[in-house]
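Below are the chains, spelled out letter by letter.
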Amino acid sequence: MEHAFWHARWQDGQIGFHQAAINPWLQQYWSRLGVPGDTSVLVPLCGKSSDMLWLREQGHGVVGVELSDLACRDFFVEHGVQITPVAVPEGHTRERDGIKLWSADFFALGREHWGDVAAVYDRAALIALPPELRRAYAAHLRQELLSGVEMLLVALEFPGGEGPPFSVTEAEVRQLFEPAFTVVRLDQADTGAARREVVYHLTRQ
Ligand SMILES: C[S@@+](CC[C@H](N)C(=O)[O-])C[C@H]1O[C@@H](n2cnc3c(N)ncnc32)[C@H](O)[C@@H]1O
């Protein structure tokens, strides 16, 4: 998926993927991961997700990575915070009250940028990427995450169709992440139009 595609989506306000409400799977299953509250959580391809605020409220530091500078700006502005972005070689950063957003290509950042994280929260990140980038995404996480890092992954399954979003089955999740990660399917729910959300708990081995 070209960067220009996502920049255009944000520019034109075509962000139907954005949810104003906190994700119910996050609220239901986060505690199952057993991540201590004073640790940091990486949120890849974060958009302007309010889920980051919820994670912060649980005591976590939050590091979000998002291609669109508009999205990063809007996240803070919509929560009443004006921040001057800091230019860095990879893009820009904005940081306030334990939430740091990088407007940068996720694949250009690694552990040296996002620091020590105990967990990853993926809602609509993996499924936003076409097949070759899904492989690159899983490989990048495998490369950059230390043993013991937990991950909550919300995927979507549906027959056929052109993405994004893309349908990502359990078989593909396992193919992408095992054996470097253990993969436990936690739950699922039909969301209408033959779509099913499936939530997984992964642990980096
Ligand atoms: C489907 S949206 C999901 C956003 C967010 N996770 C949510 O739940 O609202 C996917 C996001 O990934 C961003 N994105 C796509 N490719 C990216 C990349 N290579 N690096 C960082 N962000 C990227 C897009 O700009 C878009 O905001």
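Everything numeric in this text was worked out from a predicted model, so none of it was measured.

Focus on the pattern of salt bridges
Link 1 in the chain: Here the structure, examined in full by the defined rule, presents 10 salt bridges.
Link 2 in the chain: Salt-bridge contacts for Glu-172 lead to Arg-134; the nearest nitrogen and oxygen are separated by 2.6 Å. Here Arg-134 lies in helix α6 (residues 131–144) and Glu-172 lies in helix α7 (residues 170–177), a separation of 38 residues in the sequence. Pair check on accessibility: Glu-172 and Arg-134 agree, each one buried.
Link 3 in the chain: The salt bridge involving Glu-157 is made with Arg-196; its shortest N-O contact spans 3.9 Å. A residue pair is termed long-range when its members are at least 10 positions apart, and Glu-157 in strand β7 (residues 150–157) and Arg-196 in strand β9 (residues 195–204) qualify at 39 residues.
Link 4 in the chain: If you follow the salt bridges from partner to partner, you end up with Glu-157, Glu-170, Arg-174, Glu-178, Arg-185, Asp-190 and Arg-196 in one network.

Some points on the nonpolar core
Link 1 in the chain: By size, the foremost hydrophobic cluster in this structure holds 34 residues, and its most contacted members are Leu-42, Tyr-137, Leu-141 and Phe-177.
Link 2 in the chain: For this core, the elements supplying multiple residues, two or more each, are β2 (61–66), α6, β7, α7, β8 (181–192) and β9.
Link 3 in the chain: Among the elements that make up this core, the one with the highest residue count is β7 (4 residues).
Link 4 in the chain: Contact partners of Leu-141, with chain neighbours within four places excluded, come to Leu-42, Phe-106, Met-151, Phe-177 and Phe-181.
Link 5 in the chain: Formed by 26 residues, the second largest nonpolar core is a distinct cluster that contains Tyr-29, Trp-30, Val-43 and Ala-119.

Observations concerning empty space enclosed by the protein
Link 1 in the chain: Applying the stated criterion to the full structure yields 1 cavity of 30 Å³ or more.
Link 2 in the chain: As a volume, the largest cavity reaches approximately 40 Å³.
Link 3 in the chain: Lining the largest cavity are Arg-111, Trp-114, Gly-115, Asp-116, Val-117, Glu-144, Leu-145, Leu-146 and Val-149.

Some remarks on the packing of aromatic side chains
Two aromatic rings, taken as a pair, are described by how far apart their centres are and by the angle between their planes.
Link 1 in the chain: The final tally for this structure, using the stated rule, is 9 aromatic pairs.
Link 2 in the chain: Relative to Phe-17, the ring of Trp-6 lies with its centre 6.1 Å away and its plane at 70°, an arrangement referred to as edge-to-face. Residue Trp-6 is located in helix α1 (residues 3–11), and its partner Phe-17 is located in the loop between α1 and α2 (24–29); the two are separated by 11 residues in the primary sequence.
Link 3 in the chain: Overall, Trp-6 belongs to the buried group, its relative accessible area being 15%.
Link 4 in the chain: Exposure remark for Phe-17: the relative accessible area of 26% places this residue in the partly exposed category.
Link 5 in the chain: Ring centres of Phe-106 and Trp-114 lie 5.7 Å apart, and the angle between their planes is 10°; on these two criteria the pair is classed as stacked. The same class applies to Phe-106 and to Trp-114, which are both buried.

Some details on the environment of Trp-114
Link 1 in the chain: With respect to the helices, strands and loops of the structure, Trp-114 is situated in helix α5 (residues 111–114).
Link 2 in the chain: In this structure the C-alpha to C-alpha distance between Trp-114 and Ala-189, which are 75 residues apart in sequence, comes to 32 Å.
Link 3 in the chain: Setting aside anything within four residues of it in sequence, one finds Trp-114 in contact with Leu-42, Val-63, Phe-106, Leu-109, His-140, Glu-144 and Leu-145.

Rules and cut-offs
Residues numbered from 1 in each chain as written. Predicted model: local features only at pLDDT ≥ 70, side-chain atom pairs only at ≥ 80, totals over all residues. Heavy atoms only, no water. Salt bridge = Lys/Arg side-chain N within 4 Å of Asp/Glu carboxyl O. Helix = DSSP H or I, 4+ residues; strand = E, 2+ residues; numbered from the N terminus. Buried < 20%, exposed > 50% of the residue type's maximum accessible area, 1.4 Å probe, protein only. Core = buried A, V, L, I, M, F, W, Y, C linked by side-chain atoms within 4.5 Å. Contact = heavy atoms within 4.5 Å. 1 Å grid on protein atoms, 1.4 Å probe; cavity = no way out; pocket = protein on both sides within 12 Å on 5 of 7 lines; lining within 4 Å. Points joined across faces, edges and corners; volume = space filled by probe spheres on them. Phe/Tyr/Trp six-rings, centres within 6.5 Å; stacked < 30°, edge-to-face > 60°.

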